[in-house]
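If you want the building blocks of each chain, they are given just below.
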Amino acid sequence: PELTYAWIFNEYPTFVHQDNRRFVSQETGNLYIAKVEASDVGNYTCVVTNMVTNGRVLGPPTPLILRNDGVMGEYEPKIEVQFPETVPSAKGTTVKLECFALGK
C-alpha cells in the first residue's frame, strides 16, 4: 500500500499497539477500540505515512473521554461493511475483509 496508518496515544513515541481490543484499519485509517477502559482515556493523533515518498502527516489530536452516565449519544448499534461487490484474488491467496459492529 502507498499509505499506512498509525495512531499516537497522548505523545510521541507512544503508538497504539493492535491487540484483541484495538485495531487500526489500513483501508480507512480508522482506529477501533472495543470495551473502552479508563486506561484508554487520552488524546489520539492519526499518523499517515506515504510509503513512496516517506512523508508523514499528523492529524489533530482527538480526545477520548470515558462517560460514566451510560449515554451512548450518536453511537447507536450499527454494522459497518464496506465490501466491494466482488473481490478478485488468485487461488491460494488470503483475502482480508473488514467488518465492524459498533455501539451498544
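In this report, the structure presented in the accompanying data block is examined. Numbering of residues starts from 1 in each chain and follows the order in which that chain's sequence is written. A pLDDT threshold of at least 70 governs which residues receive local features in this predicted model, and a stricter bar of 80 or more applies before side-chain atom pairs are shown or counted, although totals over entire chains, interfaces and linings include all residues. Values reported for side chains reflect all heavy atoms of the structure, with hydrogen atoms and water molecules removed beforehand.

### Considering the pattern of salt bridges
Spelled out, the test is: Any Lys or Arg side-chain nitrogen located within 4 Å of an Asp or Glu carboxyl oxygen qualifies as a salt bridge. Put simply, DSSP marks the helices as runs of H or I at least four residues long and the strands as runs of E at least two long, and each gets a number from the N terminus on.
Scanning the model with the defined rule gives four salt bridges in all. For R21, the salt bridge is made with E37, and the minimal N-O distance between the two is 3.7 Å. Taken together, the positions of R21 in the loop between strand 1 (3-9) and strand 2 (22-24) and E37 in the loop between strand 3 (31-33) and strand 4 (42-50) put the pair 16 residues apart, joining distant regions of the chain. Across the pair R21 and D40 runs a salt bridge whose closest N-O atoms are separated by 2.9 Å. Separated by 19 residues along the polypeptide, R21 in the loop between strand 1 and strand 2 and D40 in the loop between strand 3 and strand 4 bring together distant segments of the chain. Here the salt bridges share partners, and the residues they tie into one network are D19, R21, R22, E37 and D40.

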